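Commentary on secondary and tertiary structure
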Amino acid sequence: MTNPDTLEKEAVRFPTIDDGVKIGHVHLKVADLQRALDFYCGVLGFTMTTSRPGAAFISAGGYHHHIGLNTWESRGGAPPAPGSTGLYHTAILYPTRRLLADALRRLIVAKIPLEGASDHGVSEALYLRDPDDNGVELYWDRPKEAWPFTADGELAMFAHRLDLTNLLAENGKPSAAQVDAPLFEPSRNQ
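Cut-offs used in this document
- Residues numbered from 1 in each chain as written.
- Predicted model: local features only at pLDDT ≥ 70, side-chain atom pairs only at ≥ 80, totals over all residues.
- Heavy atoms only, no water.
- Helix = DSSP H or I, 4+ residues; strand = E, 2+ residues; numbered from the N terminus.
- Buried < 20%, exposed > 50% of the residue type's maximum accessible area, 1.4 Å probe, protein only.
- Contact = heavy atoms within 4.5 Å.
- Areas by Shrake-Rupley, 256 points an atom, 1.4 Å probe, with all protein chains shown as cover.
- Pairing = 2+ DSSP bridges.
- pLDDT = per-residue confidence, 0-100.
- Lys, Arg positive; Asp, Glu negative; His and termini not counted.
- Salt bridge = Lys/Arg side-chain N within 4 Å of Asp/Glu carboxyl O.
- Polar contact = N/O pair within 3.5 Å; in protein donor to acceptor, adjacent residues only side chain to side chain.

1. A word on the overall build of the protein
- Across its full length, the protein carries 5 helices and 9 strands.
- The order of helices and strands in the protein, counted from the N terminus, is α-β-α-β-β-β-β-α-β-β-β-β-α-α.
- Classification of the 190 residues of the protein by burial places 38% in the buried group.
- Residue pairs in contact within the protein that sit at least 24 positions apart in sequence constitute 59% of those at least 6 positions apart.
- A total accessible area of about 11900 Å² is found for the protein, and carbon and sulfur atoms account for 55% of it.

See below:
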């Protein structure tokens, strides 16, 4: 087995990945396909593009699929035990702060609690769990020219608590029920 220090030193000799490379889609194993569709399509607003026995493919904006959901190896299964390796979270990028505020409103209406809500300087993010206990991050990126940098020119990200009342105000004045909604579960993500 390669020593981690050696691997890290060798990795810096490889050429960097092309700037045009993007991450395409995520495929999640779920226990109950309809329950997963109720969350991803019903609450978050994705559209199902196609399905087959034990699987559904969903997207935003007509793309073939951003998320695949399947029960091929997991029908009726339990989430991985805490302390297991696997996917930390799926991050869903919203194009504007207003649309992230709408996502927060949808979560409140559906009574889906947040695990955390952070301002990272470069982005604002909401953290939650899907019905199969998969981590989900809903976020928007600030324009690059507004990102925080150190005097040396390095990115200076941080994790400050996100002001949810301010975020909800993005789509008009938040109601008292929205502001007082019990949004948080014990945090794993802030």
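After that view, the rundown keeps rolling.
2. Topic: the pairing of strand β8 (residues 135–141)
- Counting buried positions along β8 gives 6 out of 7 residues, so the element sits mostly inside the fold.
- Judged from the 5 bridges that link them, strand β5 (residues 90–94) and β8 form a sheet pairing that is parallel. Opposite L93, over in β8, you have Y139 as the bridge partner.
- Relative to β8, strand β7 (residues 123–129) runs antiparallel, the two sharing 7 bridges. Note on β8: the bridge partner recorded for L126 is L138.
- The antiparallel hairpin formed by β7 and β8 contains 5 residues in its connecting segment, where D133 sits at a positive phi of about 70°.

3. Considerations on the sheet that holds β7
- Taken in spatial order, the 5 strands make up an open sheet running β5-β8-β7-β6-β9, and their pairing is mixed. Because the sheet does not close on itself, it has two edges, and the strands there are β5 and β9 (160–161).

4. What about helix α2 (residues 33–43)?
- When α2 is considered as a whole, its buried residues turn out to be L33, A36, L37, F39, Y40 and V43.
- Of the residues flanking the end of α2, it is G45, one or two places downstream, whose phi is positive at about 100°.

5. Quick look at the confidence of the model for the protein
- The predicted model of the protein averages 89 in pLDDT, with 84% of residues at 70 or higher.
- This stretch, residues 186–190, has a pLDDT under 50; its non-local contacts, to residues over four places away or in other chains, come to 16 contacts.

6. Considerations on the pairing of β7
- Within β7, 7 of the 7 residues are buried, which leaves it mostly tucked inside the rest of the structure.
- Hairpin connection, strand β6 (residues 116–119) to β7: the antiparallel pair is bridged by 3 residues, and G121 has positive phi, about 85°.

7. Quick look at the side chain of D130
- Residue placement: D130 occurs in the loop between β7 and β8.
- Buried within the structure, D130 lacks any salt-bridge partner; R129 is the closest side chain of opposite charge, at an N-O distance of 6.7 Å.
- For D130, the side chain forms a polar contact with the main-chain nitrogen of D132, separated by 2.8 Å.
- Within the local environment of D130, its side chain forms a polar contact with the backbone nitrogen of N134, the two atoms lying 2.9 Å apart.
- Other than its neighbours up to four places away in sequence, D130 contacts L28, F39, Y40 and V136.

8. A word on the pattern of salt bridges
- By the definition in use, this model includes 10 salt bridges.
- R129 is paired through a salt bridge with D133; the nearest N and O atoms lie 3.1 Å apart.
- Look at D133 and you get partly exposed, because its relative accessible area is 31%.
- Linked by salt bridges that have partners in common, R97, D119, E124, R142 and E170 make up one network.

9. Some details on unusual backbone geometry
- Its identity as a non-glycine residue notwithstanding, K111 has a phi of 55°, on the positive side.
- Relative to the assigned elements, K111 resides in the loop between α3 (97–109) and β6.
- K111 sits in the exposed class, given a relative accessible area of 72%.
- For D133, which is not glycine, the phi torsion reads 70° and is therefore positive.
- Examined against the element boundaries, D133 turns out to sit in the loop between β7 and β8.

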